[in-house]
Structures are given as structure tokens and as C-alpha cells.
Amino acid sequence: ETGVTQSPTHLIKTRGQQVTLRCSSQSGHNTVSWYQQALGQGPQFIFQYYREEENGRGNFPPRFSGLQFPNYSSELNVNALELDDSALYLCASSLGANTQYFGPGTRLTVL
Amino acid sequence: GIQVEQSPPDLILQEGANSTLRCNFSDSVNNLQWFHQNPWGQLINLFYIPSGTKQNGRLSATTVATERYSLLYISSSQTTDSGVYFCAVVGTGGGADGLTFGKGTHLIIQP
């Protein structure tokens, strides 16, 4: 158990819809990073939030956006869903740039 | 950006055997982590090891930062060791502290 929780566990959406995924960080951690893992691939970095500010971004379009709240929990929002957005979405929390601890993930299916 | 290569991509062993997984990276790193991903998708932290050697039970890891590689050793393999092993790094080149993952080594331990 890492202390990082994610909700929901599974989600099914249709193309064009919008989705919000949630992550609660481990106690004492101030940084949350989000990753997308397609089937059979390694996770890909989406973006990172540090003290409520976006701290860097991977190669993902602007329709992937996020928030971090004062309690350091975080949301990932994806607009205009595409079929290729079907994946396991993982969040990780850390204290700054130290070890990242991952949650169990949200499995998103886009039909 | 930094590149991470893992080898071998697949490994099938009998229970009780030892194994060595390799991770090569293309630039200096601030962070290197090894993970085991279970069948449900959870990424389990094995080691945070940007340099040096660590041991935890039957597992050990060595990172030679000057030569840009890391090795994960698994001794006396058990069937529960099966799964995908990922190496992930954060380069020193600035920007966000998102992890860059390799493609993983898929390990199967047969009884």
C-alpha cells in the first residue's frame, strides 16, 4: 500500500465526451504526477503539479489538463475523448523530486 | 529527451533460478527507480537507486551512473515474481521531474 488512492477504478466513455479522474496523494507529499499507460507499453508522463502549479508537461495535447488542490490532491481532465485515449491512467505522489509512489490506476475505455 | 532501454524484453525461467535485468539510459539522471507491475496494473516500488547498490531480500540493484546503466538482480525466483519490471529515470537536463520509463521486461517464472 502506497497511500495513494485513485478514483474511479474503471470508467467507460464515448468518443467526444469529457472525463475527470481523481488522485489523493500520500500524506506529507506535495507533488503529483500523472501518467498514461497504453496496453503493452510503459507509462508515459502527462504532467506534474507542485504546490498547485503545473511544473512540467510531457508530449500531450492541451485537451489534457489538470488541477492540484490545497490538500495536494489532484484531478486529470480530458476533453473531446478519442479512441486512443483508452488506457490505464496512473498518478504518483512524491515529496518534490524524490521517490514517486503510484496509485492503483484508473482504467479508461473510450468507445 | 532521455532514452531508456531495457533488456531482455521477455524472460522465462524456472522457479529457483536467478535473473539479471538491465536498464541503459542515454544521459545523466537525478532519479532512477525500479518497479514491478502486478497483473492488476499496480506499480510496486522496488528501489530508488540513482547510484550505488541496494539490497532488499532476494532482490538487489546496482546503478553505475558514470556508465549509464542499472541492473536488477532477482535470486531464487518464485512464481509470484512474475510480471513486468520497469526501469524509470528523471534526467538532469532540467524541466519537469516526470519519470521516463523503459518498455519493460516481461518475466515469467514457471513452477
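Look up a bit, the structure's there.
Residues numbered from 1 in each chain as written. Chains lettered and ligands numbered in written order. Predicted model: local features only at pLDDT ≥ 70, side-chain atom pairs only at ≥ 80, totals over all residues. Heavy atoms only, no water.

S.K.: Give a description of the overall build of chain A that names residues and reports values.
M.R.: Check the secondary structure of chain A and you find zero helices and 11 strands. In sequence order, chain A lays out its α and β elements as β-β-β-β-β-β-β-β-β-β-β. Viewed in the frame of its principal axes, chain A has a C-alpha envelope of about 40 × 30 × 25 Å. Looking at chain A as a whole, 49% of its 111 residues are labelled buried. For chain A, restricting intrachain contacts to residue pairs at least 6 apart in sequence, the fraction spanning at least 24 positions comes to 52%. For chain A, the exposed surface amounts to about 5,300 Å²; the carbon and sulfur share of it is 48%. (Helix = DSSP H or I, 4+ residues; strand = E, 2+ residues; numbered from the N terminus. Buried < 20%, exposed > 50% of the residue type's maximum accessible area, 1.4 Å probe, protein only. Contact = heavy atoms within 4.5 Å. Areas by Shrake-Rupley, 256 points an atom, 1.4 Å probe, with all protein chains shown as cover.)

S.K.: Describe the layout of surface pockets, and please don't skip the residues or the numbers.
M.R.: If you add up the space inside the largest pocket, you get close to 560 Å³. Among the elements of the structure, β5 (44–50) of chain A together with β1 (4–7), β9 (83–91) and β10 (100–101) of chain B are those that each provide at least two residues to the lining of the largest pocket. The biggest single contributor to the lining of the largest pocket is β9 of chain B, with three residues. Considered as a void within the structure, the second largest pocket measures approximately 430 Å³ in volume. Lining the second largest pocket are 21 residues; nearest its centre among them are Gln37, Leu39, Gly40 and Gln41 of chain A together with Gln37 of chain B. Taken together, the elements giving at least two residues each to the lining of the second largest pocket come down to β9 (87–94) of chain A together with β9 of chain B. A per-class count over the lining of the second largest pocket returns eight nonpolar, 10 polar and three charged. (1 Å grid on protein atoms, 1.4 Å probe; cavity = no way out; pocket = protein on both sides within 12 Å on 5 of 7 lines; lining within 4 Å. Points joined across faces, edges and corners; volume = space filled by probe spheres on them. Nonpolar A, V, L, I, M, F, W, Y, C, P; charged D, E, K, R; others polar.)

S.K.: Describe the pairing of β1 of chain B, naming the residues involved and giving the relevant values.
M.R.: Residues and elements named next belong to chain B. Here β1 shows a buried face lined by Val4 and Gln6 and an unburied face lined by Glu5 and Ser7. Examined bridge by bridge, β1 and strand β3 (residues 19–25) share four bridges and lie antiparallel to one another. Within β3, the residue paired with Ser7 across the bridge is Arg22. (Pairing = 2+ DSSP bridges.)

S.K.: Please give an account of the interface of chain B and chain A that cites residues and values.
M.R.: At the interface, 17 residues of chain B touch 22 residues of chain A. Of the roughly 1,500 Å² buried at the junction of chain B and chain A (both faces included), carbon and sulfur atoms supply 51%. At the surface where chain B touches chain A, the tally comes to zero salt bridges. Where chain B touches chain A, the interface holds five residue pairs in polar contact (both at pLDDT 80 or more). Counting only elements with at least two residues in the side of chain B that touches chain A, the list comes to β4 (29–37) and β5 (43–48) of chain B. It is β4 of chain B that provides the largest number of residues to the side of chain B that touches chain A, a total of four residues. For the side of chain B that touches chain A, the per-class residue count stands at eight nonpolar, eight polar and one charged. (Buried area = accessible area lost by both parts, 1.4 Å probe. Salt bridge = Lys/Arg side-chain N within 4 Å of Asp/Glu carboxyl O. Polar contact = N/O pair within 3.5 Å; in protein donor to acceptor, adjacent residues only side chain to side chain.)

S.K.: Residues and numbers for the pattern of salt bridges, please.
M.R.: Residue and element names in this part refer to chain A. Here the structure, examined in full by the defined rule, presents six salt bridges over all chains. A salt bridge links Arg22 to Glu75; the shortest N-O distance between them is 3.5 Å. Of this pair, Arg22 sits in strand β3 (residues 19–24) while Glu75 is found in strand β8 (residues 74–78), placing the two residues 53 residues apart along the sequence. Ionic pairing is found between Arg63 and Glu82, a salt bridge with its closest N-O pair at 3.3 Å. Taken as a pair, Arg63 in the loop between β6 (53–57) and β7 (64–68) and Glu82 in the loop between β8 and β9 lie far apart in primary sequence, 19 residues in all. Several salt bridges converge on common partners, so that one network encompasses Arg63, Glu82 and Asp85.

S.K.: Go over the side chain of Gln37 of chain B with me, naming the residues and quoting the values.
M.R.: Structurally, the position occupied by Gln37 of chain B is in strand β4. Judged by relative accessible area, which is 9%, Gln37 of chain B ranks as buried. At 2.8 Å, the side chain of Gln37 of chain B forms a polar contact with the side chain of Gln37 of chain A. Within the structure, Gln37 of chain B has its side chain in polar contact with the backbone oxygen of Gly41 of chain B (distance 2.8 Å). Excluding residues that lie within four positions of it along the chain, Gln37 of chain B makes contacts with Gln37 and Leu88 of chain A together with Gln42, Leu43, Gly83, Val84 and Phe86 of chain B.

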